[in-house]
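Spelled out from the first residue to the last, the chains are:
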Amino acid sequence: MELLKARIRKDGTVKGNDVLKVDSFLNHQMDVALFEEIGREFLRRFDGCGVNKILTIEASGIGIACVTAQSFHCPVVFAKKSQTKNIAGEVYSTQVESFTHGRVYDVIVSKKFLGPEDTVLIIDDFLANGAALEGLIDLVNQAGARLAGAGIVIEKAFQPGGERLRAKGIRVESLARVKSMSEEHGVEFVD
Ligand code: 5GP
């Protein structure tokens, strides 16, 4: 998606070798007009797949997921990072290792909001090692729901998540795929 790549080139900054900061338009301050274009692009790619629910993970996926859901005319469920255990069996629960914070979270979704009747599109801001996406896929599987695929805004293609998930047969659509990046040379895209 050229508009997005141009924005990353203009406003993105690279920290170290593997963190791309896009907090001026994507995951702190949010450019909602850009989100609308992103949502339309996800609809173009997943139209006709029968998506009736969008699933994301708090916190930075929520804004993009909500705007995307307006294109799909469906609700958004966000997986919550939780300290509470699943004693009463009311939630699906999995564990996710955070790329940015380097710790493991319990992540839950209420059984009320995901089930076998759902066809789910997962939305997230970044794909790096794939832990967040794998956790969300685990929740979809626990619910017995159908997975249409995953829509990712920025995939760091030099990290292993995307390749591993595609090899498992998961449809992963990334709007900007970063081939390499450095503080010195900035960001280079796959195509
Ligand atoms: P993964 O689980 O695929 O390793 O990482 C995905 C999650 O980590 C995303 O939900 C995102 O919040 C965060 N993340 C991964 N890489 C980056 C990055 O380069 N920049 C920012 N801002 N967040 C990232």
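Residues numbered from 1 in each chain as written. Predicted model: local features only at pLDDT ≥ 70, side-chain atom pairs only at ≥ 80, totals over all residues. Heavy atoms only, no water.

## Examining the sheet that holds strand S10 (residues 186-189)
Strand order in the open sheet made by the 8 strands is S5-S6-S4-S3-S7-S8-S9-S10, with mixed pairing throughout. With partners counted over all chains shown, the strands left at the sheet margins are strand S5 (91-97) and S10, one partner each. For this sheet, the mean inter-axis angle between neighbouring strands, taken without regard to orientation, is 30°. Direction of pairing for S5 relative to strand S6 (residues 104-110): antiparallel, over a ladder of 7 bridges. Directly across from Thr-94, in S6, lies its bridge partner Val-107. (Pairing = 2+ DSSP bridges. Helix = DSSP H or I, 4+ residues; strand = E, 2+ residues; numbered from the N terminus. Axes fitted to C-alpha atoms, helices over the stretch in contact; angles between N-to-C directions.)

## Thoughts on the site of the ligand
Around the ligand, the surrounding shell holds 17 residues, and the nearest of these are Leu-20, Ala-128, Asn-129, Gly-130 and Lys-156. A distance of 3.4 Å separates a nitrogen atom of the ligand from a polar side-chain atom of Asn-27. One nitrogen or oxygen atom from the side chain of Asp-125 is found 3.3 Å from an oxygen atom belonging to the ligand. Across the complex, the protein chains shield 90% of the 510 Å² of accessible surface that the ligand would expose by itself. (Near = heavy atom within 4 Å. Polar contact = N/O pair within 3.5 Å; in protein donor to acceptor, adjacent residues only side chain to side chain. Areas by Shrake-Rupley, 256 points an atom, 1.4 Å probe, with all protein chains shown as cover.)

## So, the packing of aromatic side chains
This structure, assessed with the given rule, holds 0 aromatic pairs. Cation over ring: Lys-81 sits above Tyr-105, and NZ or CZ is 4.9 Å from the ring centre. When the ring centre of Phe-46 is taken as reference, the NZ or CZ atom of Arg-171 above it lies at 4.4 Å. (Phe/Tyr/Trp six-rings, centres within 6.5 Å; stacked < 30°, edge-to-face > 60°. Lys NZ or Arg CZ within 6 Å of the ring centre and 35° of its normal.)

## Some points on unusual backbone geometry
Cis geometry is found at the peptide bond from Glu-58 to Ala-59, where omega equals 0°. Looking at the element boundaries, Ala-59 is found in the loop between strand S3 (53-57) and helix H3 (62-72). Even without being glycine, His-73 reaches a positive phi, approximately 55°. Its location among the elements puts His-73 in the loop between H3 and strand S4 (76-82). According to the relative accessible area criterion, His-73 is exposed, its value standing at 72%. (Buried < 20%, exposed > 50% of the residue type's maximum accessible area, 1.4 Å probe, protein only.)

## With respect to helix H4 (residues 131-143)
Helix length check: H4 (13 residues) gives 19 Å between terminal C-alpha atoms against 18 Å at 1.5 Å per residue, within 8%. Taken together, the buried positions of H4 are occupied by Leu-133, Gly-135, Leu-136, Ile-137, Leu-139, Val-140 and Ala-143. Positive phi appears at Gly-144, one or two residues downstream of H4, with a value of about 70°. (Expected span 1.5 Å × (residues − 1).)

## Some details on the packing of helix H2 (residues 32-46) against H3
Remark: H2 packs on H3, axes separated minimally by 8 Å, with the N-to-C direction vectors making an angle of 55°. By the angle between their axes, H2 is oblique relative to H3. H3 is crossed by H2, and the crossing has right-handed handedness. Each of Val-32, Phe-35, Glu-36, Ile-38, Gly-39, Arg-40, Phe-42, Leu-43 and Phe-46 in H2 lies in contact with H3, whose residues at this interface are Gly-63, Ile-64, Val-67, Thr-68, Ser-71 and Phe-72. Looking at the contact of H2 with H3 residue by residue, the classes come out as 9 nonpolar, 4 polar and 2 charged. (Parallel < 35°, antiparallel > 145°, perpendicular 65-115°, else oblique. Left-handed = near helix turned anticlockwise from the far one by under 90°. Contact = heavy atoms within 4.5 Å. Nonpolar A, V, L, I, M, F, W, Y, C, P; charged D, E, K, R; others polar.)

## Section: the pattern of salt bridges
Under the definition given, this model contains 16 salt bridges. For Arg-171, the salt bridge goes to Glu-173, with nearest N and O atoms at 3.1 Å. Overlapping salt bridges, with partners in common, bring together Glu-41, Arg-44, Arg-45, Arg-171 and Glu-173 in one network. (Salt bridge = Lys/Arg side-chain N within 4 Å of Asp/Glu carboxyl O.)

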